[in-house]
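# Observations on chain architecture
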Amino acid sequence: MSPVFPMLTVLTMFYYMCLRRRARTATRGEIMNSHRTVESNSRTSPLNAEVVQYAKEVVDFSSHYGSENSMSYTMWNLAGVPNVFPSSGDFTQTAVFRTYGTWWDQCPSAPVPFKRTPENFQSQDYVELAFEQQVYPTAVHVLETYHPGAVIRILACSANPYSPGPLAEVRWETLWSEKPMKVNASQARQFKPCIKQINFPTNLIRLEINSSLLDYYTELDAVVLHGTKDKPMLSLKPSLIDMNDLEEDDYEEKDECEMDNLSKTFSSTALREGPSNGYFDKLPYELIQLILNHLTLPDLCRLAQTCKLLNQHCCDPLQYIHLNLQPYWAKLNDSSLEFLQARCTLVQWLNLSWTGNRGFISVAGFSRFLKVCGSELVRLELSCSHFLNETCLEIISEMCPNLQDLNLSSCDKLPPQAFSHIAKLYGLKRLILYRTKVEQTALLSILNFCSDLQHLSLGSCVMIEDYDVTASMIGAKCKKLQTLDLWRCKNITENGIAELASGCPLLEELDLGWCPTLQSSTGCFARLARQLPNLQKLFLTANRSVCDTDIEELACNCTRLRQLDILGTRMVSPASLRKLLESCKDLSLLDVSFCSQIDNRAVLELSASFPKVFIKKSFTQ
């Protein structure tokens, strides 16, 4: 053999090691340049002109700050051309999600997080946008006008939402993803991530959001999709590629592959016969189970293929007592549920949020799964699960007698009559009905029979006719209630507040944001402060009548207060806020945005005197 060939092999290995070393030590700027190099090698023929389009329609979303009956601060503002950009600041014409930072995770209403959530899944919210034309995407630009940096993942879907016929095979592909990062600026920007090229045209784009590192609400103005009608041809010219990106993409593809072929990965026929397990099988059964508890679901799938011993451990129902399937929403289907059934007979916590949409999960498939796996269920998360119908809620009420925690947040496709079945779940302690079409008759029945409720969310439930009647029933029946979300309830008055305050003395959290019919002059807020001494969170957002007397009552009676939002009031002075801050030693969040008597100078002075309190003061440019 010629000595040239070994030399080439050595040089090739050395070049590869240099690439690896550079990929690990490269600065962020160098990595971005490498992405641009790859992107620049994507050539488009002159006949394949680039199409640039704004979103035509908002198809789906998980939450928004605004009302269901208006455009202010709603996701629907993402449709069409920009309303605000390039201006910076807090504008009602933008799209705003319901939460920011970690404040909602620190509230009494915050649920315990699921274990075994993959590290690469950190999405908290999403919005899906439809565009006029299907294109092969070359760029996605997000116009952010206030506190940017929340977008962490962009996906494209093969399904055309405007296609009249039945959906063909639906496929989601990640165009770009990144871990949450702190952006040290609140000014507007045009976010232009370098996206991956895909092999199908799309006119359905999904943005996934993580606001945990933001100082305030992020505001999005528009989304621009660039693309070509014909598939662009990649140049064969070599380019510099970030090795870390390749590894991360490869890992993500493996996860998707595992969820795609769940039936195969759990199949015992794929096991190899091995002569020995070494000393591993000498370990106690319980110790092996404890070790496997640290694996994610795809890792369990992979490990189950290694040997019969580990297959037995990986298929043990004890491994699936807490099962979080939300991270796999893009792949989970009826077949996945079917092959998980035998392992989930002991499941107690189940998260199916965001799953099953566009026909991935059928009513029959969901029903079959619950009939086998529902008897031990204590907690069921179904946020944004649009496959649900009345039959599904009936099955839940029949098959899950031990259910204590039910989340139907943003299940806005559920018909009103479906909610009456929830009244059969007598042991419920937590019920989330945010942005649903629950009506008053069904809700009163639920409150009557589910008297053990401790956490109740009725935010943005626009079908409830009379919130005073609802509040009266809550006060009469739900004596154990600790948290109550009445965000944007349209007609509650001081009468309903009086019933709540006298009937629910254990309340620690109360959200009355954007409730326009409450007036401080009736004494309702002072009554709340006197009768609910355990309050830790109180949102009186956008109630212009809140005054110094109310703040002073809170200072005297609610010394455990941690979070207070009085955005938009005109009648609160810096002096009363100082009294509140002196009395409430645990206060950590105070929102005084658009409070006409609290200017920037007052905020600076209060912040200097009370440095542990985050005092929020939004602005409009």
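Owing to the predicted nature of the structure, the values given are computational and were not obtained by experimental measurement.

## Overview of the packing of helix α15 (residues 548–557) against helix α16 (residues 574–583)
At a minimum axis distance of 8 Å, the contact between α15 and α16 shows a crossing angle of 10 degrees. Here α15 lies roughly parallel to α16, going by the angle between them. Here α15 contributes Asp548, Ile551, Glu552, Leu554 and Ala555 to the contact with α16, which in turn contributes Ser576, Leu577, Lys579, Leu580 and Ser583. Across the contact of α15 with α16, the residue classes tally to five nonpolar, two polar and three charged.

## Some words on the pattern of salt bridges
In this structure the tally under the stated criterion is 24 salt bridges. Residues joined in a network through salt bridges with shared partners are Glu128, Arg153, Arg206, Glu208 and Arg358.

## Remarks on the packing of aromatic side chains
A complete count under the given rule lists 21 aromatic pairs for this structure. Ring centres 5.0 Å apart and planes at 70 degrees place the aromatic pair tyrosine 65 and tyrosine 217 in the edge-to-face group. Pair noted here: tyrosine 65 is in the loop between β3 (57–61) and β4 (95–96) and tyrosine 217 is in the loop between β9 (202–209) and β10 (219–228), with a separation of 152 residues, a long-range link. Across the pair, exposure class does not vary: tyrosine 65 and tyrosine 217 are buried alike. Through pairs of rings, three or more aromatic residues link up here, namely Tyr65, Tyr73, Tyr100, Trp104, Tyr146, Tyr216, Tyr217, Trp487, Trp514, Phe539 and Phe619. Against the face of tyrosine 126 rests arginine 206, its NZ or CZ located 3.8 Å from the ring centre. Here the basic side chain of lysine 537 rests over the ring of phenylalanine 539, its NZ or CZ set 4.4 Å away from the ring centre.

## Describing the pairing of strand β6 (residues 151–157)
Summarising burial for β6: seven of the seven residues are buried, a large majority. Two strands pair when backbone bridges link them, and β6 and β9 are joined in this way by six bridges, in the antiparallel orientation. The partner of valine 151 across the bridge, within β9, is isoleucine 209. As judged from the five bridges shared by β6 and strand β7 (residues 172–177), these two strands associate in the antiparallel manner. When the sheet's bridge partners are listed, leucine 155 is paired in β7 with threonine 174.

## Structural notes on the sheet that holds strand β18 (residues 483–485)
Read from one edge to the other, the open sheet built from twelve strands follows the order β12-β13-β14-β15-β16-β17-β18-β19-β20-β21-β22-β23, with strand pairing classed as parallel. The open sheet has two edge strands, β12 (322–324) and β23 (614–616), and neither has a second partner. Mean inter-strand twist for the sheet, computed between neighbouring axes without regard to direction, equals 5 degrees. Note: strand β15 (residues 405–407) against strand β16 (residues 430–432), three bridges, orientation parallel. The partner of leucine 406 across the bridge, within β16, is leucine 431.

## Examining helix α11 (residues 440–449)
Looking at α11, one finds that the buried residues are Gln440, Ala442, Leu443, Ile446 and Leu447. Projection of α11 onto a plane perpendicular to its axis shows the buried side chains occupying an angular sector of 160 degrees, all on one side. At its buried positions, α11 is contacted by β16, β17 (455–457) and α12 (467–477).

What counts as what
- Residues numbered from 1 in each chain as written.
- Predicted model: local features only at pLDDT ≥ 70, side-chain atom pairs only at ≥ 80, totals over all residues.
- Heavy atoms only, no water.
- Axes fitted to C-alpha atoms, helices over the stretch in contact; angles between N-to-C directions.
- Helix = DSSP H or I, 4+ residues; strand = E, 2+ residues; numbered from the N terminus.
- Parallel < 35°, antiparallel > 145°, perpendicular 65-115°, else oblique.
- Contact = heavy atoms within 4.5 Å.
- Nonpolar A, V, L, I, M, F, W, Y, C, P; charged D, E, K, R; others polar.
- Salt bridge = Lys/Arg side-chain N within 4 Å of Asp/Glu carboxyl O.
- Phe/Tyr/Trp six-rings, centres within 6.5 Å; stacked < 30°, edge-to-face > 60°.
- Buried < 20%, exposed > 50% of the residue type's maximum accessible area, 1.4 Å probe, protein only.
- Lys NZ or Arg CZ within 6 Å of the ring centre and 35° of its normal.
- Pairing = 2+ DSSP bridges.
- Arc of directions from axis to C-beta.

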